[in-house]
Amino acid sequence: MSGVLPHQAELVGWVLSDGYLSVSDITGNTSQKKDGSRVAVKMSVAQHKSKFYEEVKKCLKANVLEYSEGENSSGVAVFSIKPTQAREFLKSVGLPLLSKHKIDYTEWLLGLSHDALQAFLRAFWLADGHTKGNGVLYGTKVIYQNSGNIANAVALCSYLIGNTTITNLSSGYGTIRSQSRSTVTMQKAATKYVYGIVTGK
C-alpha cells in the first residue's frame, strides 16, 4: 500500500472531476531547478455553493492546504490551492508533476487502500454523477465522463473496490456505472426468497 490517506485520495478525486490541474513543462530554467522540482503547478476545485461547497472546504481543511476562494464567470466558487502546496501535495500522494490529462493513474490506484479508493470514487460521484434506482445505498452510481485516462481511472477504481462496473464511453463521452456486488447478490437472494414463498402456496 502507498500510504495515501482517504482525505488525500478524495481531494485527488475532486481535482480530477470538478477541478483543474496544470503543470508547466520542465525547461531546465533556474526557477524550476534542474530536476523540475520547482515547476509551476496550478490546482483548483470549482463547486457551486448550493451543491457540495462545504464538502470541498472540509476536504481542503483535512489536507491542511492554504487556498484562495473566488468565483468564475458562472458564479461558481473556485478554490485555488497555493502553488507551492499543490506541488508538495502531488509529491506526497505519489503523483507525477504532470497536468491531469497526462497522468496514467493505474499504478497509483493499485496502491490505494480500500478506504482511499472509496473516498476517490465518492468525490467523482458527488461531482459528476447520480444514483439510479433503489436509493443512495443500493442504487447504481452513474458517473459521466469524457473517455480517456480519467475515465479509465474511475472505472478501475470501481473495479478495485469490488463493484460491478460497466462503461459506455464509445462515443468519446458517456457513463461509468458502479454497483456493489453485495447489493446485487442480496437483490438476487431476495428475489429467490419471494419466489419460493409464492411457489410454496
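Each value, and the rule that gives it
Residues numbered from 1 in each chain as written. Predicted model: local features only at pLDDT ≥ 70, side-chain atom pairs only at ≥ 80, totals over all residues. Heavy atoms only, no water. Axes fitted to C-alpha atoms, helices over the stretch in contact; angles between N-to-C directions. Helix = DSSP H or I, 4+ residues; strand = E, 2+ residues; numbered from the N terminus. Parallel < 35°, antiparallel > 145°, perpendicular 65-115°, else oblique. Left-handed = near helix turned anticlockwise from the far one by under 90°. Contact = heavy atoms within 4.5 Å. Nonpolar A, V, L, I, M, F, W, Y, C, P; charged D, E, K, R; others polar. 1 Å grid on protein atoms, 1.4 Å probe; cavity = no way out; pocket = protein on both sides within 12 Å on 5 of 7 lines; lining within 4 Å. Points joined across faces, edges and corners; volume = space filled by probe spheres on them.

1. Details of the packing of helix 1 (residues 6–18) against helix 5 (residues 114–128)
Okay, step 1: For the pair helix 1 and helix 5, interaxial distance at closest approach is 7 Å and the crossing angle is 30°. Comparing their axes, helix 5 and helix 1 come out roughly parallel. Viewed along their axes, helix 1 and helix 5 form a crossing whose handedness is right-handed. On helix 5, the residues that touch P6, A9, E10, V12, G13, W14, L16, S17 and D18 of helix 1 are D115, A116, A119, F120, R122, A123, F124, L126, A127 and D128.
Okay, step 2: For the contact of helix 1 with helix 5, a count of residues per class yields 12 nonpolar, two polar and five charged.

2. Comments concerning empty space enclosed by the protein
Okay, step 1: Applying the stated rule across the entire model yields one cavity of 30 Å³ or more.
Okay, step 2: The calculated volume of the largest cavity comes to roughly 40 Å³.
Okay, step 3: Considering the residues around the largest cavity, the lining is formed by V12, V15, L16, L21, M43, F89, L90, L95 and Y105.
Okay, step 4: Only helix 1 and helix 3 (83–93) provide two or more residues apiece to the lining of the largest cavity.
Okay, step 5: Residues of the lining of the largest cavity, tallied by class, amount to nine nonpolar, no polar and no charged.

3. Some points on the packing of helix 1 against helix 2 (residues 53–62)
In a packed pair of helices, the relevant descriptors are the angle between the two axes and the axis-to-axis distance.
Okay, step 1: At their nearest, the axes of helix 1 and helix 2 sit 9 Å apart, and the two run at 130° to each other. Compared by their axis directions, helix 1 and helix 2 come out oblique. Judged by the sense of rotation from one axis to the other, the crossing of helix 1 with helix 2 is left-handed. Across the interface between the two elements, H7, E10, L11 and W14 from helix 1 touch E55, V56, C59, L60 and A62 from helix 2.

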